[in-house]
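# Structure at a glance
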Amino acid sequence: MDKEQNHTDLEHLFEQRIQPNISELVGLRDKVRTMWYIGVPLVLLIVFSIWGLAESGGAVLIILVIALIIGLVVVISKGSSAWKKYRAEFKLKVVAEIVKAINPAWSYAPDGLISEQVYHQSNLFRTRYDRYQGDDLVKGVLEKTDFECSELHTQYKEVTTDSKGRRRERWVTIFRGLFFHADFNKDFIGRTYVSPDVAERLFGRLGRKLQKVSGPAPLVVLENVEFEKAFVVHATDPIEARYILTPVIMEALLNIRRTYNCEVHFSFIGSRVYCALSMNKNLFEPRMFGPLVNLHDVSNMHHLFKVNETIIHELNLNTRIWTKN
């Protein structure tokens, strides 16, 4: 019944609050696509003109190339402006409406993101980054628990030199997906990390040995077999880690992993729980081609933003079984 009610609610959201805006969004997208359709032939003309210029020269071709380049600059400028307007309206009339439908008291900032300070405090990803990007920040209070969540994408630049001495650069992703943190109502003495158990999954017993020397803190072995298959735990205070990771909490972390079907990282530091869900794609961006937005898209975005409620409810953060020191 809950699933049927949820589907009915999503249909109502789509039909009453999103569908009426689709024609306006289509018009904005058409302007972007027009610039695209003009820009691609211009690029081809410039390439062929430069090729002709290299072959035979001539003042006419020089003038033509200059004119085409100026035209391309104008098209790119107008296309960029049209895209920014289309994206802003999509965020306002689609994404913001989905967030509001979940909880009208939450705030949504399309261009906001989790701060670098919070990212560092989580200590989930310890690789130095050269690029820190994100958007779609949602924050609020659910009953007694404050939280923040946004998309994040962190990368570092890898520079290599080939056998001929040519320098090559590429951007390597450290984390891409949804990043969440919330009050746990407990001042932790140590730091507890729950990470995907990739090493043991790939290398078996050797992987277990690698876990002992490669983690951010000493390895902690727990008795939940299913949990141990999915996650690896490291903690500076193993006793506290076992106090935090009760059978109920371990099952909750497994449920979160099942619900979002992705690799999930957790840390319990200070008085907060941090969670990073790895998703290698843009989650709340408008399309250039194909259907602009449909009920399936709305359902997917609604499911992702519900991560805030899911984590808080699964971890039972509103129960306040602990009190801060």
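The structure this text deals with has already been given above.
Now for a look at the structure at hand.

Rules and cut-offs
For every chain, the first residue of the written sequence is number 1, and numbering continues from 1 onward in sequence order. Note on the predicted model: pLDDT of at least 70 is required for a residue's local features to be given, and 80 or more for side-chain atom pairs to be given and counted; whole-chain, interface and lining totals, by contrast, use all residues. In computing side-chain properties, one takes all heavy atoms of the structure into account and sets aside hydrogens as well as water. To sort residues, take the accessible area from a 1.4 Å probe on protein chains only and compare it with the maximum for the residue type: under 20% means buried, over 50% means exposed, and anything in between is partly exposed. Runs of E in the DSSP output that reach at least two residues are strands. Runs of H or I that reach at least four are helices, and both are numbered from the N terminus. When DSSP finds two or more bridges between a pair of strands, those strands are recorded as paired. Here, residues are in contact when the closest pair of their heavy atoms is within 4.5 Å. Here, nonpolar core refers to any group of buried Ala, Val, Leu, Ile, Met, Phe, Trp, Tyr and Cys residues whose side-chain atoms link them within 4.5 Å.

In terms of burial, strand 5 (residues 192-196) is largely enclosed, as five of its five residues are buried. Summarising the sheet, strand 5 and strand 7 (residues 231-235) pair through five bridges and their orientation is antiparallel. Across the sheet, residue Pro196 finds its bridge partner in strand 7, namely Phe231. Where strand 5 and strand 8 (residues 264-269) come together, three bridges link them in antiparallel fashion. Counted as the bridge partner of Thr192 is Phe268 from strand 8.

If you trace the backbone, Ala217 turns up in the loop between helix 6 (205-214) and strand 6 (219-220). Judged by relative accessible area, which is 10%, Ala217 ranks as buried. Linking Ala217 and Thr192, residues 25 residues apart in sequence, is a C-alpha distance of 8.1 Å. With residues up to four places along the chain from it excluded, the contact list for Ala217 reads Tyr193, His234, Ala235 and Thr236.

Glancing now at the nonpolar core. One recurring pattern in soluble globular proteins is that nonpolar side chains are buried together. Counting 67 residues, the largest nonpolar core has Leu245 and Leu253 as the members making the most contacts within it. In terms of residues, this core owes the most to one element, helix 3 (residues 59-102), which gives nine residues. Membership of the second largest hydrophobic core comes to 17 residues, among which are Val118, Leu137, Leu152 and Phe179.

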